[in-house]
Amino acid sequence: AIEWIAGKAKRTRGEDARPAVTVADVGTGSGCIAVSLAVNLPEIQVYAIDPSPQALEVASLNCHRHGVGGRVRLLEGAMLDPLPEQVDAITANLPYVRTRDLALLPRDIRDYEPLFALDGGEEGLDAIWLLLRQAPSHLRPGGIILLEIGCHQGEAVKEIALGHFPDARVRVFKDYAGVERVVAIETEVYS
C-alpha cells in the first residue's frame, strides 16, 4: 500500500488543493493500517472507517500517539457509507474467517477479538463481497483496492473483483509464509 500510494502521490502532486492522495481504511479497528499509512506518507489524507465506536476510540488514541490525528479522520459506519468523497485507494482488513472455522482459531484470537471482526459468513467472503459491490462509486478512476484475505480465498476474491471492475488488474500476493494474504485491484495500471 505504501509503495503504490507513494507512487500515486508523486504523479498527482500539485494538481489541485486537495491532498495528493486520499485513502479509505475500511474496518480500521485499532487504526494500525491508517496510522501506518499516515506516518509513512505525510502528503495523504486517510479516512479510517469502523462500525464500532470502541474501536474508533482506540484508533483515535493511536492517531494522537503517532502524531497523525490531523490527517486521519475517523468515521463511524458500515463499509464505505460514511465516506464524504471518492478516494484514490481503499485498504481493508475485513472479517474473512468462515463461520464453521471460528472455533478452530487460536485462543488468543478467538477469545479476545470481537466476533463481528472475524466472522466472514459461510465462505468468509460476505464483507469482502459487500465492500467490492460498493467500491465502484467510491473509488476515483485509476485507484486501487487492497484487501487482506484468508488462505485459499484468492481466486474467489479475484472473481468477485472482476465482476465489479472488469477492466482491472487483479493480483493475489502471498505473505512471508507463502499463504495468500492480499488481493490488489488496480483500476488503471501505471507503468
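Residues numbered from 1 in each chain as written. Predicted model: local features only at pLDDT ≥ 70, side-chain atom pairs only at ≥ 80, totals over all residues. Heavy atoms only, no water.

Asks: Give a detailed account of the layout of surface pockets, specifying residues and quantitative values.
Replies: As a volume, the second largest pocket reaches approximately 150 Å³. Only β6 (169-174) and β7 (180-186) provide two or more residues apiece to the lining of the second largest pocket. Here the lining of the second largest pocket is composed, by residue class, of three nonpolar, no polar and three charged. (1 Å grid on protein atoms, 1.4 Å probe; cavity = no way out; pocket = protein on both sides within 12 Å on 5 of 7 lines; lining within 4 Å. Points joined across faces, edges and corners; volume = space filled by probe spheres on them. Helix = DSSP H or I, 4+ residues; strand = E, 2+ residues; numbered from the N terminus. Nonpolar A, V, L, I, M, F, W, Y, C, P; charged D, E, K, R; others polar.)

Asks: Explain the pairing of β7 to me, and be specific about the residues and the numbers.
Replies: Bridge count between strand β5 (residues 139-148) and β7: five bridges; the pairing is antiparallel. Across the sheet, Leu147 pairs through a bridge with Val183, a residue of β7. Sheet analysis places β6 next to β7, joined by six bridges and oriented antiparallel. Residue Val170 lies in a different strand from β7, and its bridge partner there is Ile185. Linking two consecutive strands that pair antiparallel, namely β6 and β7, is a turn of five residues; a positive phi of about 80 degrees is found at Gly178 within it. (Pairing = 2+ DSSP bridges.)

Asks: Any chance you could break down helix α3 (residues 53-65) for me, citing the residues and the numbers?
Replies: Across its 13 residues, α3 extends 18 Å between first and last C-alpha, which sits within 8% of the 18 Å expected from 1.5 Å per residue. Residues of α3 that are buried include every one of Ala55, Leu56, Ala59, Asn62 and Cys63, and no others. The buried residues of α3 occupy an angular sector of 120 degrees when the element is viewed end-on, so they sit on one face. For α3, the exposed residues set more than 90 degrees away from the buried face come down to Gln54, Glu57, Leu61, His64 and Arg65. Its buried side turned inward, α3 meets α2 (32-40), β2 (44-50) and β3 (72-76). (Expected span 1.5 Å × (residues − 1). Buried < 20%, exposed > 50% of the residue type's maximum accessible area, 1.4 Å probe, protein only. Arc of directions from axis to C-beta. Contact = heavy atoms within 4.5 Å.)

Asks: With reference to specific residues and values, describe the sheet that holds β7.
Replies: Across the sheet, seven strands lie side by side as β3-β2-β1-β4-β5-β7-β6; this open sheet has mixed pairing. Each edge of the open sheet is held by one strand with a lone partner, namely β3 and β6. Averaged over all pairs of adjacent strands, the angle between their axes in this sheet comes to 15 degrees, without regard to strand direction. As judged from the five bridges shared by strand β4 (residues 87-92) and β5, these two strands associate in the parallel manner. Across the sheet, residue Val87 finds its bridge partner in β5, namely Leu139. Strands β2 and β3 of the sheet are contacted by α3, whose axis makes an angle of about 175 degrees with β3. (Axes fitted to C-alpha atoms, helices over the stretch in contact; angles between N-to-C directions.)

Scope: geometric values only; no functional claims are made or implied.
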